[in-house]
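# Descriptive structure summary
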Amino acid sequence: SFGCCVVFVAGQRKFDFDPNGPDVPNALRSHIMKGYMRIERFDKLNECVSHIRSLSSESSTEESGTELKKGGDNTNVITEETKDGKKIKRSPIRIVGVEIDDRSVDVESAPFVGDTAFMMGNEGQGLSEKQKSLCDGFVKISQYGNGTASLNVNVAASIVLHRFHLWSRGIEVGQTL
């Protein structure tokens, strides 16, 4: 599960996300049942995005941490003071679309900053314009040759999550473990 602890799903009412149900892949079932991962479902995409935006990740305590970047510009970092006077900086969780787009950065360059929610599109058409408008940035998976520029959404998600997981552990491309 590449260090992923929550999967947010918008729509998809016909799927049964009960870990004992027929629609949860066997590879995820044990992670969910052991409490390592959970699936949160939302009826509407906007509800899902609002929930993600309400979450924040702790970036540092009493030190200047790396601020979350959006399109190369610094964004707001929320600074909170705890009861004992410590200052905690929190950054909003980025929503990054996986899409072949002029604004996309190659996932192999590890363009990640902090906690991230990835938005996957439809296998046929990719992300809709509405979905794109909700993203803070985009990554793409470079493909070579004259074939189609499309991957199965499960394969694309696996590649992106794998690269994100390696980045989060400080492992560079080509580095041996």
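Above this note sits the structure.
Overview of the structure.

## Section: the sheet that holds strand E9 (residues 105-106)
- Ordered in space as E9-E11-E8-E10, the four strands form an open sheet in which the pairing is parallel. With partners counted over all chains shown, the strands left at the sheet margins are E9 and strand E10 (116-119), one partner each.
- Of the strands in this sheet, strand E8 (94-98), E10 and strand E11 (137-140) are in contact with helix H4 (residues 153-168), which crosses E10 at around 165 degrees.

## Details of the pattern of salt bridges
- Scanning the model with the defined rule gives seven salt bridges in all.
- Between Lys132 and Glu99 there is a salt bridge, and its shortest N-O distance comes to 4.0 Å. Of this pair, Lys132 sits in helix H3 (residues 129-133) while Glu99 sits in the loop between E8 and E9, and the two are 33 residues apart along the sequence. Exposure class is identical for Lys132 and Glu99. Each is buried.
- With a shortest N-O distance of 3.5 Å, Glu129 and Lys132 are connected by a salt bridge. Note that Glu129 and Lys132 are positioned in helix H3 at a spacing of three residues, about one turn of the helix.
- Each of Glu99, Asp101, Arg103, Glu129 and Lys132 takes part in one network of salt bridges that share partners.

## Details of the packing of aromatic side chains
- Enumeration over the complete set of coordinates arrives at seven aromatic pairs.
- Taking 5.3 Å as the distance between ring centres and 40 degrees as the angle between the ring planes, the aromatic pair formed by Phe164 and Trp167 counts as tilted. Of this pair, Phe164 and Trp167 both sit in helix H4, separated by three residues, roughly a single helical turn.
- A relative accessible area of 29% means that Trp167 is categorised as partly exposed.
- Among the aromatic residues, those joined into a cluster by ring pairs are Phe112, Phe118, Phe164 and Trp167.

## As for helix H2 (residues 45-54)
- What H2 keeps buried is the set Leu45, Cys48, Val49 and Ile52. Buried residues of H2 fall within an arc of 95 degrees about the axis and therefore sit on the same side.
- Its buried side turned inward, H2 meets strand E1 (6-10), strand E2 (38-42), E8, E10 and H3.

About the cut-offs
Residues numbered from 1 in each chain as written. Predicted model: local features only at pLDDT ≥ 70, side-chain atom pairs only at ≥ 80, totals over all residues. Heavy atoms only, no water. Pairing = 2+ DSSP bridges. Helix = DSSP H or I, 4+ residues; strand = E, 2+ residues; numbered from the N terminus. Contact = heavy atoms within 4.5 Å. Axes fitted to C-alpha atoms, helices over the stretch in contact; angles between N-to-C directions. Salt bridge = Lys/Arg side-chain N within 4 Å of Asp/Glu carboxyl O. Buried < 20%, exposed > 50% of the residue type's maximum accessible area, 1.4 Å probe, protein only. Phe/Tyr/Trp six-rings, centres within 6.5 Å; stacked < 30°, edge-to-face > 60°. Arc of directions from axis to C-beta.

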